[in-house]
Amino acid sequence: MDKVTSADGTAIAYDRAGEGHPVVIVGGATCDRLITRPLADALAAHFDVINYDRRGRGDSTDTPPFAVGREVDDLAALIAAAGGSAHVYGHSSGAALALHAAARGLPIDRLVLHEPPFNPDDARRMAESRRLAGEIDTAVAEGRRGDVLAMFLGGVGMPPEMLQQVREDPRMLALAHTVAYDLAALGVHDRGGTVPAELAATVAVPTLVLAGGASPDWMIDTARRLADALRAGRHEVLDGQDHIVPPEILVPALRTFLQATG
């Protein structure tokens, strides 16, 4: 494990393995680098892979108050440590953060956004997302970490019996407050979490937006709309896959795009 120091003094922990062009992996909500390690290990056969704990997670520290820009600074520090430029792969809400980084002009060579869970333009769903985000912010402020996990993971469909296990899991409880960070990256308070078309339109980096063929239709459509909004975006559907794709299926798709020329 190594660490870099972000612009605000936060220590960002990461593992590095492999040789070749650098690739930084950005995990999604309630994920630390332990969760993304199987993908990192598989990618390391082909790339120089940086797998990190986002701030407030695992071995990384945190510096309040939170701002999406501070997480972008973390990525900037990691890319500098990688040699000055890198490919970036972001999964789920980590893809939303990676999009912010590309929009700010970080030296990203190629970008992969894997099923960022932006909402469809549905007024009811947008309002529900804002309500949930407000309740989660309150629970975070009050230190009710178990409630944060139950609200967030219950909202994405986790069964009640699994929620009870999660509420008692020390690792998950330690990550709970960072759910609010992911909701901020998705723009839930600002836009109801819909596709940030104006932000995407500023990104000229070659970008692959992935979706799973077994994922809900709205998520596939959201990925397509995001790809269309990007200046150099393309959309690809992984047949038979859903939100979590095994490394043996995901890595070939990533290699085809990341190792392409032109």
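Data block above holds the structure.
Rules used in this analysis
- Residues numbered from 1 in each chain as written.
- Predicted model: local features only at pLDDT ≥ 70, side-chain atom pairs only at ≥ 80, totals over all residues.
- Heavy atoms only, no water.
- Helix = DSSP H or I, 4+ residues; strand = E, 2+ residues; numbered from the N terminus.
- Rg over C-alpha atoms; globule rule 2.2 N^0.38 Å.
- Buried < 20%, exposed > 50% of the residue type's maximum accessible area, 1.4 Å probe, protein only.
- Contact = heavy atoms within 4.5 Å.
- Areas by Shrake-Rupley, 256 points an atom, 1.4 Å probe, with all protein chains shown as cover.
- Phe/Tyr/Trp six-rings, centres within 6.5 Å; stacked < 30°, edge-to-face > 60°.
- Pairing = 2+ DSSP bridges.
- Right-handed = clockwise from strand over helix to strand, strands pointing away.
- Polar contact = N/O pair within 3.5 Å; in protein donor to acceptor, adjacent residues only side chain to side chain.
- Core = buried A, V, L, I, M, F, W, Y, C linked by side-chain atoms within 4.5 Å.

(A) The arrangement of the overall build of the protein chain in detail. Helix and strand counts for the protein chain come out as 12 helices and eight strands. A compact globule built from 262 residues would reach a C-alpha radius of gyration of about 18 Å, and the protein chain, at 17 Å, matches this within 12%. Based on the C-alpha atoms only, the size of the protein chain along its principal axes is roughly 45 × 40 × 30 Å. Sorting the 262 residues of the protein chain into buried and exposed places 50% on the buried side. Of the contacts formed within the protein chain by residues at least 6 apart in sequence, a portion of 72% connects residues at least 24 apart. As presented, the protein chain carries roughly 10,900 Å² of accessible surface, and 53% of it is formed by carbon and sulfur atoms.

(B) Fine view of the packing of aromatic side chains. All told, the structure shown has one aromatic pair when counted by the stated rule. Note on Phe 66 and Tyr 181: the rings are 3.9 Å apart at their centroids and 5° apart in plane angle, and the pair reads as stacked. With Phe 66 in the loop between strand S4 (48-52) and helix H2 (68-82) and Tyr 181 in helix H8 (residues 179-185), this pair connects stretches of sequence that are 115 residues apart. Judged by relative accessible area, Phe 66 falls into the partly exposed class, the value being 24%.

(C) Examining the pairing of S4 more closely. With five of its five residues buried, S4 lies for the most part within the structure. Judged by which residues are buried, S4 turns out to be covered on both faces: Asp 48, Ile 50 and Tyr 52 on one side and Val 49 and Asn 51 on the other are all buried. Pairing between strand S2 (residues 11-17) and S4: four bridges, direction antiparallel. The residue of S4 that forms the bridge with Ala 17 is Val 49. Examined bridge by bridge, strand S3 (residues 22-26) and S4 share four bridges and lie parallel to one another. Paired with Pro 22 across the two strands is Asp 48, which belongs to S4. Crossover connection from S3 via helix H1 (residues 37-43) to parallel S4: handedness right-handed.

(D) The side chain of Glu 115, seen in detail. The topology assignment puts Glu 115 in the loop between strand S6 (108-114) and helix H4 (123-141). Reaching out from Glu 115, the side chain makes a polar contact with the backbone nitrogen of Gly 212 at a distance of 2.8 Å. Setting aside anything within four residues of it in sequence, one finds Glu 115 in contact with Ser 92, Leu 210, Ala 211, Gly 212, Ser 215, Met 219, Asp 242 and His 243.

(E) The nonpolar core, seen in detail. Tyr 52, Ile 108, Leu 113 and Leu 226 are the most contacted members of the largest nonpolar core, which totals 57 residues. Excluding residues within four positions of it along the chain, Ile 108 makes contact with Ile 79, Ala 86, Val 88, Ala 98, Ala 101, Ala 102 and Val 205. Core analysis: the second largest hydrophobic core is formed by 20 residues, Ile 25, Leu 39, Ala 44 and Val 245 among them.

Scope: geometric values only; no functional claims are made or implied.
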